[in-house]
Structure formats: C-alpha cells, structure tokens
Amino acid sequence: QCFDVVADSGSNAVIVPSCVCKEVPAAGCEDDRKCFRGTNRSSTFHIPHDVQVLQMSFGSGNIMAAIATDVVRVGNLRVNMENGVLLIVDRRELRVSGAFEGILGLGHELFTPS
C-alpha cells in the first residue's frame, strides 16, 4: 500500500489513517479517502490483541491512533517500524485542508509505548 505522506521532523512514527476509522461513527474519516489495511494485506504487519491507543497533538489538531508494527519502505530503504506505525482511528479534531494520507516522522524516538 502506498501513501503520499508529509515529512515531519518533530515525530518519529509513520502515521496513516486506519480503515477501522471509517467504521467508527463521527470519527472524521471519509469513505472516499485512502486508508491502511494491515491484516491480511501485509505479511509483516502486527498489531497486538491488546491494542494500545494513544492521543497525539499537532498544530492542526489531535488524533487518536493505534500502535502497530510493520516494515515501511521509502524508495529503496526498508525499516522495521517496531511499534512505530500509528494507525489513525479518530481524526475528528484534526483540521487539515485538502488530501491527507499521512505523516512520515523523521525525528528521534520521542516515546516508548508501555
């Protein structure tokens, strides 16, 4: 699955909309937007049964995201993002105009999920 993402030096995760978000009433995810499906689509995708969800704040608003693991490719570079793939499950407070497919964090590790 390919996403056009915005580079962000203030975060260290890959943040993309989850298709689960479309199934949650009033979560702010539109049916016509691209979303990530890891289960049964990626052999390297993993999300624990006890899903951890966190809230992140940006200048454009807040999101709620589930923590997952997958291999992410940018060009020829492949990186195993252990607990570094954040799947947006609620974006109703995010104010972004135009198409938004995700964020590619280029910063250092900022948090360690418990």
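Parameters at a glance
- Residues numbered from 1 in each chain as written.
- Predicted model: local features only at pLDDT ≥ 70, side-chain atom pairs only at ≥ 80, totals over all residues.
- Heavy atoms only, no water.
- Salt bridge = Lys/Arg side-chain N within 4 Å of Asp/Glu carboxyl O.
- Helix = DSSP H or I, 4+ residues; strand = E, 2+ residues; numbered from the N terminus.
- Contact = heavy atoms within 4.5 Å.
- Core = buried A, V, L, I, M, F, W, Y, C linked by side-chain atoms within 4.5 Å.
- Buried < 20%, exposed > 50% of the residue type's maximum accessible area, 1.4 Å probe, protein only.
- Polar contact = N/O pair within 3.5 Å; in protein donor to acceptor, adjacent residues only side chain to side chain.

K.L.:
Provide a residue-level description of the pattern of salt bridges, including the pertinent values.
P.N.:
What the rule picks out here adds up to 2 salt bridges. A salt bridge links Arg 92 to Asp 90, with the shortest nitrogen-to-oxygen separation between them at 2.5 Å.

K.L.:
Quick rundown of the environment of Ala 68? Include the residues and the values.
P.N.:
In this structure, Ala 68 sits in strand β4 (residues 61-74). For the pair Ala 68 and Thr 44, spaced 24 residues apart in the sequence, the C-alpha separation amounts to 11 Å. Not counting the four nearest positions on each side in its chain, Ala 68 is found in contact with Phe 45, His 46, Ile 47, Met 81, Asn 83, Gly 84, Val 85 and Leu 87.

K.L.:
Give me the nonpolar core: which residues, what numbers.
P.N.:
Ranked by size, the top nonpolar core spans 12 residues in total: Ala 13, Ile 15, Leu 54, Met 56, Ile 63, Ala 65, Ile 67, Leu 86, Ile 88, Leu 94, Phe 100 and Ile 103. Elements with a minimum of two residues in this core: β3 (53-58), β4 and β5 (77-90). It is β4 that contributes the most residues to this core, 3 residues altogether. What Ile 63 contacts, discounting residues up to four positions off in sequence, is Ile 15, Leu 54, Gln 55, Met 56, Phe 58, Ile 88, Asp 90, Arg 91 and Leu 94.

K.L.:
How would you explain the side chain of Thr 69 if you had to name every residue and give the values?
P.N.:
As for its position among the elements, Thr 69 is in strand β4. A distance of 2.9 Å separates a polar side-chain atom of Thr 69 from the backbone nitrogen of Asn 83. Sequence-distant contacts of Thr 69, that is, excluding residues within four places in its chain, are made with Thr 44, Phe 45, His 46, Asn 80, Met 81, Glu 82, Asn 83 and Val 85.

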